[in-house]
Amino acid sequence: MMTAAQMRAARALLRIDQKTLAELAGLSVPTIQRMESSDGDVRGVVDSLIRVVTALENAGIELIGEGSVSQTGGRGVRLKPPS
C-alpha cells in the first residue's frame, strides 16, 4: 500500500508535477489529485494505483513500506514516527 504522502514525496524526488505523473501512469490529472488528497493510504481503483506504482518504479522510485528494509540500499528518506 502507498500513502498519499509517499506519492507526493516520490513526485518531489523526481521533480515532476501531477500532470507528468498522470501522463507516465496513463491516468487523468484529477485522478492523481484525488489519490494525493487521500487521508493516509491512497484510495482509488486498484488498476489506477498499480499504474501509479509502476510509473514511479519505472522512473526510479523505490516505495518502502513501514518497518521494511530497502532492498536496493539506495539513498532515500523515511518519515519517523511522531515522538
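Residues numbered from 1 in each chain as written. Predicted model: local features only at pLDDT ≥ 70, side-chain atom pairs only at ≥ 80, totals over all residues. Heavy atoms only, no water.

A count of helical and extended segments in the chain gives 4 helices and 0 strands. Each helix (α) and strand (β) of the chain, taken in turn from the N terminus, gives the series α-α-α-α. Against the 2.2 N^0.38 benchmark of 12 Å for 83 residues, the chain shows a C-alpha radius of gyration of 12 Å, consistent with a compact globule. Principal-axis analysis of the C-alpha atoms places the extent of the chain at approximately 35 × 25 × 20 Å. (Helix = DSSP H or I, 4+ residues; strand = E, 2+ residues; numbered from the N terminus. Rg over C-alpha atoms; globule rule 2.2 N^0.38 Å.)

To continue, consider the packing of helix α2 (residues 18-25) against helix α4 (residues 46-58). α4 packs onto α2 with a crossing angle of 100° between their chain directions and a minimal axis gap of 8 Å. The angle between the axes of α2 and α4 places the two elements in the roughly perpendicular class. Note on element contacts: α4 touches α2 through Arg51, Val52, Ala55 and Leu56, opposite Leu21, Leu24 and Ala25. The residue inventory of the contact of α2 with α4, partitioned by class, reads 6 nonpolar, no polar and 1 charged. (Axes fitted to C-alpha atoms, helices over the stretch in contact; angles between N-to-C directions. Parallel < 35°, antiparallel > 145°, perpendicular 65-115°, else oblique. Contact = heavy atoms within 4.5 Å. Nonpolar A, V, L, I, M, F, W, Y, C, P; charged D, E, K, R; others polar.)

This part covers the UniProt feature "domain: HTH cro/C1-type" (unreviewed entry) in the chain. Per the UniProt entry, the sites bearing "domain: HTH cro/C1-type" (unreviewed entry) are residues 7-37 in this numbering. Secondary structure over residues 7-37 splits into 77% helix and 0% strand, and the C-alpha atoms at its two ends are 10 Å apart. (UniProt positions renumbered as here; feature names shortened; annotations may be inferred.)

Attention now moves to helix α3 (residues 29-36). Those residues of α3 not exposed but buried are Thr31, Ile32, Met35 and Glu36. Buried residues in α3, looked at end-on, bunch into an arc of 130°, giving them a common side. On the buried face of α3, the contacting elements are α1 (4-14), α2 and α4. (Buried < 20%, exposed > 50% of the residue type's maximum accessible area, 1.4 Å probe, protein only. Arc of directions from axis to C-beta.)

Below, the discussion takes up the environment of Gln6. Residue placement: Gln6 occurs in helix α1. Sequence-wise, Gln6 and Ser83 are 77 residues apart; in three dimensions their C-alpha atoms are separated by 20 Å. In this structure Gln6 touches Met1, Leu63 and Ile64, once residues within four positions along its chain are discounted. Of note is the side chain of Gln6, whose polar atom sits 3.1 Å from the backbone oxygen of Ile64. (Polar contact = N/O pair within 3.5 Å; in protein donor to acceptor, adjacent residues only side chain to side chain.)

This brings us to the side chain of Thr31. With respect to the element layout, Thr31 can be found in helix α3. A polar contact of 2.8 Å, which involves the side chain of Thr31, links it to the side chain of Ser28.

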